[in-house]
Amino acid sequence: MEGPRSSTHVSLVLPLLVLLLLAPARQAAAQRCPQACICDNSRRHVACRHQNLTEVPDAIPELTQRLDLQGNLLKVIPAAAFQGVPHLTHLDLRHCQVELVAEGAFRGLGRLLLLNLASNHLRELPQEALDGLGSLRRLELEGNALEELRPGTFGALGALATLNLAHNALVYLPAMAFQGLLRVRWLRLSHNALSVLAPEALAGLPALRRLSLHHNELQALPGPVLSQARGLARLELGHNPLTYAGEEDGLALPGLRELLLDGGALQALGPRAFAHCPRLHTLDLRGNQLDTLPPLQGPGQLRRLRLQGNPLWCGCQARPLLEWLARARVRSDGACQGPRRLRGEALDALRPWDLRCPGDAAQEEEELEERAVAGPRAPPRGPPRGPGEERAVAPCPRACVCVPESRHSSCEGCGLQAVPRGFPNDTQLLDLRRNHFPSVPRAAFPGLGHLVSLHLQHCGIAELEAGALAGLGRLIYLYLSDNQLAGLSTAALEGAPRLGYLYLERNRFLQVPGAALRALPSLFSLHLQDNAVDRLAPGDLGGTRALRWVYLSGNRITEVSLGALGPARELEKLHLDRNQLREVPTGALEGLPALLELQLSGNPLRALRDGAFQPVGRSLQHLFLNSSGLEQICPGAFSGLGPGLQSLYLQKNQLRALPALPSLSQLELIDLSSNPFHCDCQLLPLHRWLTGLNLRVGATCATPPNARGQRVKAAAAVFEACPGWAARKAKRTPASRPSARRTPIKGRQRGADKVGKEKGRL
């Protein structure tokens, strides 16, 4: 009996001993804490605030749920930056000077609920930057420098409830900008520079209840766009340069309860402006230029009308308003500016019979004199004025809006068949988008010598006749995107010698209109994206000596001829991505001593030959070669590219090997993710080079099977059997190791290469 009893006893005791032996190790792991941080293990919180950290610290406890890194110097959030803390629910990265979020930066954070990236320096978000955040409920991007949103950027955030994009630099919302956000209830877009919303900009937001668009540059109520968010309950449109709102604006929101139009430039309101918002309860019109208001038809549930700060004229024409307020039981505020006997009287204290109507000649004359002293008002957009109009008006075509204060005039979407005339002579911005002008005739804009910006997008324009821009000596911005143009003549562009920005995206150009560009000696930026240009020929950029930026993305370019770019010697940005180039146009890059940024991603390059970028080696700072089908890079492909290169994008290619690049000593970013690297001894030089970099690069082994998934930078075990490994190991003596670690960052002063005292993990 002793034998079985003894064995049973041993079988029970051994696991207990193992647990006891492992307990200290587990406890130590749970209590580890980065040196610069404060860890509250009981609450699973880690705070590393204002520590000048240049990368996410190592040794964060794996079970951490809240991580506060605000006030550091991270600059770049690399791929898989937080893979060691998969239990995070709250991540705070405010005020970290973040300039780039790499694709896949947050992969592995499937439990994250709040991501705060506010108050950084982000100018864009890569397509897959937010992948892996399927549980995220709140995303804070306020206070960055975002200039555009790419459709699909937020597509992986199916659980998101709040998206904050306030205080950025957005000027345009593209179609399907928020695709995939099926649960978003509050979208904050205030304090941007939005002036254009694509027709389907808000499509795909079925749960949206609150939309903040205040403090933007909307010149007209974008009713059809807003009406896509049919579940909206609160719409904030204050502090936009709106001058009129009427039924023709097409606002139809059956569930809208609160509408804020405060702090704008409203001068008139149509009686049926909100006829298709039947549940509207509160309408805020404070701080506009309304001197009268008609009874509003349609919103039968309206109970609060805010009118403070408007120059309300409590004459006879205000009687219908007072009668409607009483009949509909609408509470209102605001005070009368005139006539004198009622000045300062609260609107809700008046009764209709307090207002004098025709019959008292002396009173009528007195009120007319008072209104004359008040001065003429700017014309609102709205119904045609009758011959008895009291107020003086500035010239403005009947269907358009002309705002003297901003010197902006707009006829957007008015169904015009010809370019209208009769705008104020001091107009600086003229918006004629979304009309139908098959051609723009000679001298189409007479008397507009002060015009700076001309918008002709989506007008079906197939031709600019000779002299179309005659007299536009101060024009700087010309928008001709989304038309039917296949060519431009020199004579068509004459008359605008100061034109600096020419937008010709999404037309029908088969070639660069080189001859016409000679008429634009001040041209700074040329936009020809998404046309059908198939080659760049000599002379295409002739005469464009001031040209700095050329955008030719999304064409069909197969060849860039020698000398095609040479005339533009000051060129700084060249975007040739998403074309059909099979090799780098090395010869065509000759004569571009100032080129800073070269975009070649999305071309079928397959291989890079030696010296591919030699002509621009001294100036180039940013090189994009991602998604180019690259299978081979010759050892000297990047020869000539020295310390000036700051970022190199090689992700999403087919690279199995890559030579070491020791000459690129000042790299701030290199992305090698999504390449099928074969980790054998031929890759040892790359491993050694990456080990000396204080950067996260995203390179992982795809083969052989025993190395799959390991980081090339950290896969020492894979390379231990390679010739030369032992010799290298012998050189790394304790005395020399610190020096070896400092060498790669010696002398660096900025960017992601300032990763400080902790070595990168990838």
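Residues numbered from 1 in each chain as written. Predicted model: local features only at pLDDT ≥ 70, side-chain atom pairs only at ≥ 80, totals over all residues. Heavy atoms only, no water.

Named according to an unreviewed UniProt entry, the protein is Chondroadherin-like protein originating from Gorilla gorilla gorilla. Turning to the protein, the UniProt annotation filed under Subunit (unreviewed entry) states: "Associates with collagen and binds to collagen fibrils." In its Function (unreviewed entry) section, the UniProt entry covering the protein states "Potential negative modulator of chondrocyte differentiation. Inhibits collagen fibrillogenesis in vitro. May influence chondrocyte's differentiation by acting on its cellular collagenous microenvironment." (UniProt positions renumbered as here; feature names shortened; annotations may be inferred.)

Caption draft 1: Inspection of the overall build of the protein at higher detail. Looking only at helices and strands, the protein features 10 helices and 43 strands. Within the span of the protein, comprising 762 residues, buried residues form 49% of the whole. Element-wise, carbon and sulfur atoms account for 52% of the exposed surface of the protein, whose accessible area totals about 33500 Å². (Helix = DSSP H or I, 4+ residues; strand = E, 2+ residues; numbered from the N terminus. Buried < 20%, exposed > 50% of the residue type's maximum accessible area, 1.4 Å probe, protein only. Areas by Shrake-Rupley, 256 points an atom, 1.4 Å probe, with all protein chains shown as cover.)

Caption draft 2: Local environment of the environment of Leu672. Among the secondary structure elements, Leu672 is positioned in the loop between β41 (669–671) and β42 (677–678). Separated by 22 residues in the primary sequence, Leu672 and Leu650 have C-alpha atoms spaced 5.2 Å apart. Beyond its immediate stretch of four places on either side in the chain, Leu672 contacts Leu650, Gln651, Leu658, Phe677, Leu690, Val697, Gly698 and Ala699. (Contact = heavy atoms within 4.5 Å.)

Caption draft 3: Focus on the pattern of salt bridges. For the coordinates displayed, the defined rule picks out 26 salt bridges. With a shortest N-O distance of 3.0 Å, Glu128 and Arg107 are connected by a salt bridge. Of this pair, Glu128 sits in the loop between β7 (114–116) and β8 (138–140) while Arg107 sits in the loop between β6 (100–101) and β7, and the two are 21 residues apart along the sequence. Two residues, Arg535 and Glu559, come together in a salt bridge whose shortest N-O distance is 3.8 Å. Residue Arg535 is located in strand β32 (residues 535–536), and its partner Glu559 is located in strand β34 (residues 559–560); the two are separated by 24 residues in the primary sequence. Under the relative-accessibility criterion, Arg535 is labelled partly exposed at 34%. Linked through salt bridges whose partners overlap, the residues forming this network are Glu103, Arg107, Glu128, Asp131 and Lys652. (Salt bridge = Lys/Arg side-chain N within 4 Å of Asp/Glu carboxyl O.)

Caption draft 4: Layout of the nonpolar core. Core analysis: the biggest nonpolar cluster contains 105 residues, and Phe445, Phe613, Leu625, Phe638 and Leu648 have the highest contact counts within it. If you list the elements that add at least two residues to this core, you get α5 (490–493), α6 (514–517) and α7 (684–691). Broken down by element, the residue count for this core peaks at four residues, all from α7. In this structure, Leu91, Leu141, Leu170 and Leu251 belong to the second largest nonpolar core, which totals 99 residues. (Core = buried A, V, L, I, M, F, W, Y, C linked by side-chain atoms within 4.5 Å.)

Caption draft 5: Expanded view of the UniProt feature "domain: LRRNT" (unreviewed entry) in the protein. Within the UniProt annotation, "domain: LRRNT" (unreviewed entry) is assigned to residues 32–66 and 395–429. The distance from the first to the last C-alpha atom of residues 32–66 is 15 Å, and the span holds 0% helix and 20% strand.

Caption draft 6: Layout of helix α3 (residues 319–328). Within the span of α3, buried status applies to Leu321, Leu322, Trp324 and Leu325. One face of α3 carries all of its buried residues, which in axial projection span an arc of 165 degrees. Opposite its buried face, α3 presents the exposed residues Ala326 and Arg327, each directed more than 90 degrees away. Here the buried face of α3 lies against β19 (304–306) and β21 (331–332). Immediately beyond the C-terminal end of α3, within one or two residues, lies Arg329, with a positive phi of roughly 55 degrees. (Arc of directions from axis to C-beta.)

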